[in-house]
Every structure is written in C-alpha cells, then in structure tokens.
Amino acid sequence: MREVFYIAGFDPRSPKYYYSIFKNNIHKTSAIEQNELNISKFQIDNSPYFNVDYKGVKTKYNFLIWNDIVKEHFCKRFFEVFGALFVALFNYPISGAVYMVARYSRTQLIAGYYPIVFILLSYFLTGFFCYGLSYFIQNYILWIICSILLFYLATKGIFYLGMNAGMFWLLSIYRFCYKYARSEIKGADERNESFANEIIKSLKNNQNTNDEVMIVAHSVGAIIAISSVARVIEKSKIEGLNISNLKLVLIGGCIPLVSFHKYADKFKKELEIVANSGITWLDFSSKIDGACFFKVDYIKLLRQNAKSPKLISVGFFKIYDKKTYKNIRYKWYQVHFLYLKATQIRGGYDYFYLTIDPNKLEDKKFEGANDGSLSISPKTA
C-alpha cells in the first residue's frame, strides 16, 4: 500500500477538479497498463480522497486542501491587481528577490514580468488615446466623459485578458509569496500544522510496514509542502517515528519566489530541516514552463551544508508527439499543468507512473536527474 498526499498549486478550484484531471488522464496515459487498473469514486471521509489499485498495489490518494486561502489572496478587483503590481514592481526589488531571479533564472524573470509590462503598457496606451481625443473633442466636459468611457472599456478588456491569460494569477502568486516570506498569510501556520498532523497519522499507521507515504505538490503547493513536511520531520523526531518511507515530490515548483526574499528566514529554516532529513526528495521542472524555476538548486543557494533534492528535467518533447508539442510549446500556462496530464510516448516522465506504479520512488529513475543517472522507462521499471 501507498498513501499519496497531493497539495495543489495556487488554484481556487476544488479537489473534485483535480480528481477529474487524474481520472480522465490516467485512462489515456502511455505508461499505465489499463487492464490492471482500477480507480474508485471521489470520496470524503474526514478529508477528500480516492483509491487506485494497480498491479496489486493499492494507493490511497488524499487531497490536502488550501484553496480557501487561495481564494482570499486571488486578485480580481482593480485595487487588488494594482496592489499586487506594486508588490512586484517595488517590494520584490527591495527584498532582493529580483536580483536573485535575474542572476539564477533569467528566463523566469522575463516570463514573470510580462503581466506587469502588459498592464502598464495597456494603461499607458489608454492614457495616450484619451489625450489624443482632446484634439478632436473641443468640449471639455464631453472629452472628460469620453475619456472615462474609454478608460472603463479599456479596463474591462485588460481584466478580461488578464484573467483568461493567467496574468492576474501570476500577480496574485507574487503577492502571496511575498507575504508568505514575511509570515503574513493568515491561517497558513494553522493549515501547515493540520497537513503535518494528517501526514504524521499516516506515518504512525505505517511504522511496522514498508509502505510509502508520498507528498506530491504542484507549483506554489511546493512551498506549502516544504513548510508542512518540515513540521512532520520535527514532530517525528520528538515522537521517535521512522521517516524512511516519507517521500517528497515537487512538480513545477517555485520555491525561490519565497526563499529568494531576504525576509524569508523562517522558510529558509524549513528548507534546511527538509534538506537535512535524508528523505527521498525529487524536484521536477521543465525548461518550457515559464511558471517554474527550471533546475534551480535553491538549497545550494542557501549556502548551508545540506543535501539538495534530485533536480529532474521534464522533456515534454520526448513524451508528446511532434504535433502536440508544437501546439503547446509556447502556451506556458497549459504547460504548467501538463505535468499532471497523460503522456503520449512511453519511456520518460509520467505522473501516473510516478504516483501509482508499484516500484518505490527511489527505484524510479528519470532523465535529467542531477546525479547523472540513466532513465528507467515505465515499461522496464
């Protein structure tokens, strides 16, 4: 048996949405033998979960929920968006995060600042057109009315594009991560403590077995996972629990959005606790994913004597046919969720192989690992 605890990214959608992604894609993916697969319905006991039986191994797939916190920090209104814009433009440079990102992940810096450029340029052009109207409309009151109407329509258009293209999602993440680095997210400590207690409960139930307890976190969920797992490790020391079967998998993560801030002492300490624990820890990222930090060794950059996670590159061009890859290559928002989707070509990264295949996590090897190991395909593993 295996227990998986999944922590979603900065997404207000419910666990049912992620269950539907899992269920719809596991039946299409290249790495799973469908005749040996059985997946249960979505269930809620104390927390939401479902079960998967594959090749004689049962996996209980739990959801650790924090989408209510995401909803509180998701920018939708005018002043919320401009508040997040202010944080990205001024607070990030002051905190040292922009310097660190520019030094160690320039691609992320370019991808990260495009919503800021889009908003500022859009309003600059709106102001320019409003000014231009004054040459054609001589009546001052009529010009004011037309300018207000133009500003209103431009704002509606900017907000429509911002919401649908993921730009306001990015700005919301920037503001959230800045506040998280400063320990200013209300309810975050309590939620991390709750997550840690759920994981501890599973560890206690598996002390006399060789069953895995795997924490899988996507995107900003990786930040939450570090804080929660650090608590698990500390509690386990106090209670004398064996954590050799505790595994941590981060996918498309953005740890540096917190750890690169000079204020993030608490989070950096949590990173050190996890890094020094000796647990199996994998970090997957892709070069074409503009919302993650591709193979950035954030532990090494702490300049502490701690073991880095195994950094693994996900080559989507190897697991999708040429037509599909060409279609999604520059759609970074879709790419960011591609880690959780079905693959077309067997042999490389596959989320379902990663989470439900009978082999232990440490026995699954992937291309692009920073230890130089060769990949073992799902077919031969």
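Above this text is the structure in question.
Everything quoted here is computed from the prediction, not taken from an experiment.

Scoring rules and cut-offs
- Residues numbered from 1 in each chain as written.
- Predicted model: local features only at pLDDT ≥ 70, side-chain atom pairs only at ≥ 80, totals over all residues.
- Heavy atoms only, no water.
- Helix = DSSP H or I, 4+ residues; strand = E, 2+ residues; numbered from the N terminus.
- Rg over C-alpha atoms; globule rule 2.2 N^0.38 Å.
- Buried < 20%, exposed > 50% of the residue type's maximum accessible area, 1.4 Å probe, protein only.
- Contact = heavy atoms within 4.5 Å.
- Areas by Shrake-Rupley, 256 points an atom, 1.4 Å probe, with all protein chains shown as cover.
- Lys, Arg positive; Asp, Glu negative; His and termini not counted.
- Charge placed at Lys NZ, Arg CZ, Asp CG, Glu CD.
- Core = buried A, V, L, I, M, F, W, Y, C linked by side-chain atoms within 4.5 Å.
- Salt bridge = Lys/Arg side-chain N within 4 Å of Asp/Glu carboxyl O.
- Disulfide = S-S within 2.5 Å.
- Phe/Tyr/Trp six-rings, centres within 6.5 Å; stacked < 30°, edge-to-face > 60°.
- Lys NZ or Arg CZ within 6 Å of the ring centre and 35° of its normal.
- Patch = residues over 30% accessible without salt bridge, like charges linked within 9 Å, V, L, I, M, F, W, Y side chains within 5 Å.
- Axes fitted to C-alpha atoms, helices over the stretch in contact; angles between N-to-C directions.
- Parallel < 35°, antiparallel > 145°, perpendicular 65-115°, else oblique.
- Left-handed = near helix turned anticlockwise from the far one by under 90°.
- Nonpolar A, V, L, I, M, F, W, Y, C, P; charged D, E, K, R; others polar.

Asker: I keep staring at the overall build of the protein chain and nothing clicks. Help me out?
Answerer: If you tally the helices and strands in the protein chain, you get 15 helices and nine strands. Computed over its C-alpha atoms, the radius of gyration of the protein chain comes to 23 Å, within 12% of the 21 Å expected for a compact globule of 381 residues. Across its three principal axes, the protein chain shows a C-alpha extent of roughly 85 × 45 × 40 Å. Here the protein chain holds 381 residues, and the buried ones make up 54% of them. Within the protein chain, residue pairs in contact and separated by at least 24 positions form 74% of the contacts whose partners lie at least 6 positions apart. Only carbon and sulfur atoms are counted for the fraction: they give 57% of the accessible area of the protein chain, which is about 18,000 Å². Where the 48 positive side-chain charges of the protein chain centre and where its 31 negative ones centre are 7 Å apart.

Asker: What is the right way to look at the nonpolar core in this model?
Answerer: Counting residues in each nonpolar core, the largest one holds 82 residues, and the members touching the most others are Trp66, Phe176, Ile215, Leu246, Leu248, Leu250 and Trp281. The residues contacting leucine 250, other than those within four sequence positions of it, are Ala217, Ala222, Ala225, Ile226, Ile255, Trp281, Leu282, Asp283, Phe284 and Tyr298. Judged by nonpolar contacts, the second largest core, of 46 residues, contains Tyr6, Tyr19, Cys292 and Val314.

Asker: I would appreciate a short explanation of unusual backbone geometry in the present structure.
Answerer: A negative phi holds for most residues other than glycine; trans holds for most peptide bonds. Even without glycine at this site, serine 183 takes up a positive phi of about 60°. Positioned with a positive phi, lysine 295 is a non-glycine residue whose angle comes to about 50°. Its place among the elements puts lysine 295 in the loop between strand S8 (280–285) and strand S9 (310–313). The class for lysine 295 is partly exposed, based on a relative accessible area of 31%.

Asker: Quick question: what am I supposed to make of the pattern of salt bridges here?
Answerer: It is possible for side chains bearing opposite charge to pair when their charged atoms get close. Taken as a whole, this structure holds 17 salt bridges when the rule is applied. Here arginine 231 makes a salt bridge to glutamate 193, at a shortest N to O gap of 3.5 Å. Here the residue arginine 231 occupies a position in helix H9 (residues 221–239), and glutamate 193 occupies one in helix H8 (residues 188–205), the gap between them amounting to 38 residues. We note a salt bridge from lysine 237 to glutamate 234, for which the minimum N-O separation is 3.6 Å. One end of the pair, lysine 237, and the other, glutamate 234, are both in helix H9, three residues apart, so they sit about a helical turn from each other. For glutamate 234, a relative accessible area of 34% translates into the label partly exposed. Several salt bridges share partner residues, and in doing so they unite Asp189, Glu193, Arg231, Lys235, Lys266 and Glu270 into one network.

Asker: It is not clear to me how the state of the cysteines should be interpreted in this structure. Could you clarify?
Answerer: By definition, a disulfide is the covalent link that joins the sulfur atoms of two cysteine residues. Evaluated as defined, the whole model comprises zero disulfides. Among the cysteines around cysteine 146, which has no disulfide bond, cysteine 130 carries the closest sulfur, lying 9.4 Å off. In this structure cysteine 292 is not part of a disulfide, and its nearest cysteine sulfur, from cysteine 254, lies 8.6 Å away.

Asker: Would you explain helix H11 (residues 265–275) in this entry?
Answerer: Those residues of H11 not exposed but buried are Phe267, Glu270, Leu271, Glu272, Ile273, Val274 and Ala275. Along its buried surface, H11 packs onto helix H7 (167–181), H9, strand S7 (246–251), helix H10 (256–259) and S8.

Asker: Which parts of the structure should I look at to understand the packing of aromatic side chains?
Answerer: Think of a pair of aromatic rings as described by two things: how far the centres are apart, and how the planes are tilted against each other in angle. The tally for this structure, following the rule as stated, stands at 44 aromatic pairs. When the ring of tyrosine 339 is compared with that of tyrosine 349, the centres are 6.4 Å apart and the planes differ by 90°; the resulting orientation is edge-to-face. With tyrosine 339 in the loop between helix H14 (332–338) and helix H15 (351–356) and tyrosine 349 in the loop between H14 and H15, the pair connects residues that are ten residues apart, well separated along the chain. When sorted by exposure, tyrosine 339 lands in the same class as tyrosine 349, which is buried. Among the aromatic side chains, those forming a connected cluster through ring pairs are Tyr6, Tyr17, Tyr18, Tyr19, Phe22, Phe42, Phe50, Tyr61, Phe63, Tyr351 and Phe352. The ring centre of phenylalanine 337 lies 5.8 Å from the NZ or CZ of arginine 13, which sits over that ring. Positioned above the aromatic ring of tyrosine 263, the side-chain terminus of arginine 182 is 4.5 Å from the ring centre.

Asker: What exactly am I supposed to notice about a nonpolar patch on the surface here?
Answerer: Among the surface-exposed residues, Val117, Leu121, Phe124, Leu125, Phe128 and Phe129 lie close enough to one another that they form a single nonpolar patch of about 640 Å² accessible area. Within the secondary structure, valine 117 is located in helix H5 (residues 106–133).

Asker: Any chance you could explain the packing of H8 against H9 here in plain terms?
Answerer: For any two helices packed against each other, one specifies the crossing angle of their axes together with the interaxial distance. The interhelical angle for the contact between H8 and H9, taken along N-to-C directions, is 50°, at an axis separation of 8 Å. Classified by the angle between their axes, H8 and H9 sit oblique to one another. Taken as a pair, H8 and H9 cross one another with a handedness that is right-handed. Across the interface between the two elements, Asp189, Asn192, Glu193, Phe195, Ala196, Asn197, Ile199, Ile200, Leu203 and Lys204 from H8 touch Ile224, Ser227, Ser228, Arg231, Val232, Lys235, Ser236 and Glu239 from H9. Looking at the contact of H8 with H9 residue by residue, the classes come out as seven nonpolar, five polar and six charged.

Asker: How do you make sense of the environment of isoleucine 69 when you look at a structure like this?
Answerer: Tracing the chain through its elements places isoleucine 69 in helix H2 (residues 67–73). Spatially, the C-alpha atoms of isoleucine 69 and phenylalanine 10 are 9.1 Å apart, while their sequence positions differ by 59 residues. Beyond its immediate stretch of four places on either side in the chain, isoleucine 69 contacts Phe176, Ile185, Gly187, Ala188 and Arg191.

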